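One letter stands for each residue in the lines below.
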Amino acid sequence: MALQGDFLEHLQTLQLLGAEAAEVRLRQDLNGLQGLIIPGGESTTMARLMDEWDLREAVRDFVGCRGAVWGTCAGMIVLAKKLREDRPVPLGLVDINVARNAYGRQVDSFEADLRVGALGGQPFHAVFIRAPMILQVGEGVEVLARLDDGTPVAAQQGKVLVTAFHPELTGDTRFHEYFLHLAERGD
Amino acid sequence: MEKGTWSVKVGLAQMLKGGVIMDVVTPEHAKIAEEAGACAVMALERVPADIRAAGGVARMADPERIKAIMEAVTIPVMAKCRIGHFVEAMVLESLGVDYIDESEVLTPADETNHLWKHDFKVPFVCGCRDLPEALRRISEGAAMIRTKGEAGTGNVVEAVRHMRTVNAQVRKAQNMPDEELVPESKQMGCPLELLQEVKRLGRLPVVNFAAGGIATPADAAMMMWLGCDGVFVGSGIFKSSDPARRGKAIVQAVTHYKNPAIIAEVSRGLGEPMAGIDVRTLKPEQLLAVRGW
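*Asks:* How do you make sense of the overall build of chain A when you look at a structure like this?
*Replies:* Each helix and strand in chain A was counted, giving 5 helices and 10 strands. In terms of overall size, chain A behaves like a compact globule, its C-alpha atoms giving a radius of gyration of 15 Å where 187 residues would be expected to give roughly 16 Å. Here chain A, with 187 residues, has 60% of them falling under the buried criterion. Residue pairs at least 24 apart in sequence account for 62% of intrachain contacts in chain A once pairs closer than 6 positions are excluded. With the model as given, the accessible surface of chain A reaches about 7,500 Å², and the carbon-plus-sulfur share is 46%. Placing the 18 positive and 26 negative side-chain charges of chain A at their respective mean positions leaves the two points 6 Å apart.

*Asks:* Would you take a moment to explain the interface of chain A and chain B for this structure?
*Replies:* Put simply, an interface is often sized by how much accessible area is lost when its parts join up. If you look at the interface, chain A gives 37 residues, while chain B gives 40 residues. Both faces considered, chain A and chain B share a buried interface measuring about 3,200 Å² in area, 54% of it formed by carbon and sulfur atoms. At the boundary of chain A with chain B, the tally comes to 8 salt bridges. The residue B:Lys3 makes a salt bridge to A:Asp108 at a minimum N-O spacing of 3.3 Å. Summed over the shared surface of chain A and chain B, the number is 25 residue pairs in polar contact (both at pLDDT 80 or more). Taken together, the elements giving at least two residues each to the side of chain A that touches chain B come down to helix H1 (7–16), helix H2 (43–52), strand S5 (110–114) and strand S6 (124–128) of chain A. Broken down by element, the side of chain A that touches chain B gets its largest block of residues, 5 residues, from H2(A). Taken together, the residues of the side of chain A that touches chain B break down into 13 nonpolar, 10 polar and 14 charged. Sheet analysis places S5(A) next to strand S1 (residues 2–3) of chain B, joined by 2 bridges and oriented antiparallel. Across the sheet, A:Glu111 pairs through a bridge with B:Glu2, a residue of S1(B).

*Asks:* What is the right way to read a nonpolar patch on the surface from this model?
*Replies:* On the surface, B:Phe86, B:Val87 and B:Met90 cluster together to form a nonpolar patch covering roughly 290 Å² of accessible area. When you line up the elements, B:Val87 lands in helix H5 (residues 86–95).

*Asks:* Explain the side chain of B:Asp23 here, please?
*Replies:* The topology assignment puts B:Asp23 in strand S2 (residues 20–24). Every residue in contact with B:Asp23, bar those within four places of it in the chain, is listed here: B:Met42, B:Leu44, B:Val47, B:Pro48, B:Val233, B:Gly234, B:Ser235 and B:Phe238.

*Asks:* Just to check I follow, could you spell out unusual backbone geometry for this structure?
*Replies:* Most peptide bonds are trans, and most residues other than glycine sit at a negative phi. Residue and element names in this part refer to chain A. Cis geometry is found at the peptide bond from Arg87 to Pro88, where omega equals -5°. Tracing the backbone through its elements, the reader meets Pro88 in the loop between strand S3 (80–83) and strand S4 (94–99). Even without a glycine there, the phi angle at Asp54 is positive, about 55°. By secondary structure assignment, the location of Asp54 is in the loop between H2 and helix H3 (55–64).

*Asks:* In this structure, what is going on with the nonpolar core? I would like to understand it.
*Replies:* Across soluble globular proteins, nonpolar side chains have a tendency to be buried as a group. Counting 111 residues, the largest nonpolar core has A:Phe128, A:Phe175, B:Met223 and B:Val231 as its most contacted members. A:Phe175 has contacts with A:Trp70, A:Val116, A:Leu119, A:Phe124, A:Leu144, A:Ala154, A:Leu161, A:Thr163, A:Phe165 and A:Pro167, leaving out every residue within four places of it along the chain. Judged by nonpolar contacts, the second largest core, of 44 residues, contains B:Leu44, B:Val170, B:Leu195 and B:Val206.

*Asks:* Looking at this model, I keep getting lost on the environment of B:Ala173. Mind explaining?
*Replies:* Residue and element names in this part refer to chain B. One can find Ala173 in helix H7 (residues 157–174). In this structure Ala173 comes out as buried when scored by relative accessible area, which is 2%. It is 8.4 Å that separates the C-alpha atoms of Ala173 and Glu184, two residues lying 11 residues apart in sequence. The contact partners of Ala173, leaving out residues within four places of it in the chain, are Leu181, Leu195, Val198 and Lys199.

The rules behind the values
- Residues numbered from 1 in each chain as written.
- Chains lettered and ligands numbered in written order.
- Predicted model: local features only at pLDDT ≥ 70, side-chain atom pairs only at ≥ 80, totals over all residues.
- Heavy atoms only, no water.
- Helix = DSSP H or I, 4+ residues; strand = E, 2+ residues; numbered from the N terminus.
- Rg over C-alpha atoms; globule rule 2.2 N^0.38 Å.
- Buried < 20%, exposed > 50% of the residue type's maximum accessible area, 1.4 Å probe, protein only.
- Contact = heavy atoms within 4.5 Å.
- Areas by Shrake-Rupley, 256 points an atom, 1.4 Å probe, with all protein chains shown as cover.
- Lys, Arg positive; Asp, Glu negative; His and termini not counted.
- Charge placed at Lys NZ, Arg CZ, Asp CG, Glu CD.
- Buried area = accessible area lost by both parts, 1.4 Å probe.
- Salt bridge = Lys/Arg side-chain N within 4 Å of Asp/Glu carboxyl O.
- Polar contact = N/O pair within 3.5 Å; in protein donor to acceptor, adjacent residues only side chain to side chain.
- Nonpolar A, V, L, I, M, F, W, Y, C, P; charged D, E, K, R; others polar.
- Pairing = 2+ DSSP bridges.
- Patch = residues over 30% accessible without salt bridge, like charges linked within 9 Å, V, L, I, M, F, W, Y side chains within 5 Å.
- Core = buried A, V, L, I, M, F, W, Y, C linked by side-chain atoms within 4.5 Å.

Written out as structure tokens, the structure reads:
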């Protein structure tokens, strides 16, 4: 989704992995796609731009038709079921409660190594920028990674993937490969 | 767990891409900007057009004002310090602003040295008129660049000039054999290593926004076509007759900059833009873009 944020970093990573990738700004841009990444950026900005051109329903329909969706940081906020804040109104496509900027302001942005079982043994170096925090996960949501203190930072429900951090910034392509498999899966 | 790293500094700028950063002077302005879809706001004592009108020495905004703006919105809040004024920068960092603009729009505090920005945990954005100026700022630790334009004029001509100048110099570096980059960096007055990186990347090594004189959705979209990653709009929004609508329209125009039909649609009936200034009528001492060394 190329409304605002670091969509180019995602696009380039997907192309590096040999996937066909396209920029989505209007609902018709979703036609023919198997997966959609909602990138990092400002969730209030993205939500406003989604509402302006009816993308909200289009993304819900896309997931309803078994398309895979992955939200990184702001994208996770947009996909969540419930936010601590009044705005933006999230899509409610993954059963998690999220608080925006809950790790602090920019001076508290951080990097950390994560163990992600689904990606194999090597730790995943993660960059958190004014990151949202997953406060609660519902039944049927699998937590894929946690911080040392146990806070979940990556989760999946069916074909919806969310990460509080930015795999598109680090050059480690394993999360993108994981998402491509998810999008290709025919179920 | 590491904080204040180069990755998180540059990373926040990457999150702002494709967005509009709006100058605001009150919490009410900030809320209007957030509602319009701004990806960040710049907290100021006065917008550049008013700084221009007021004359005298322009300084960092009152911390109380900055705090009030930070409390009013959830999007990132930036604030400006004077060129070389390291204590203003320390104060802004202690307030917890998300980005500091070491800005030529304020009156410089040091006419030789810019800040050594690597010493801070908070990231910095700095202005440039050309590639070597951008690379000098990056070598001092700027994690984001903006082309300067001429702030407070509502006239996009200088923003275009600066963006095209950077683009031309990037293209030139790309086409140079490696050995020629050495005398080129010497002549330009910028670090060789960064010029080599520009050659390799075919662009600036950090996010680059356009600034200074953007007043309409079409201005913003043109700057996106010229290759910037997003835009700062200063006086252009809150000096117009309908800031909420104009702000929203500029946000739309940046996202859909390749789609003239959408730009036409959002530009309809926006009311009066800010009154502009022909830059050629400004006296040399009234030019802000020449501040910076």
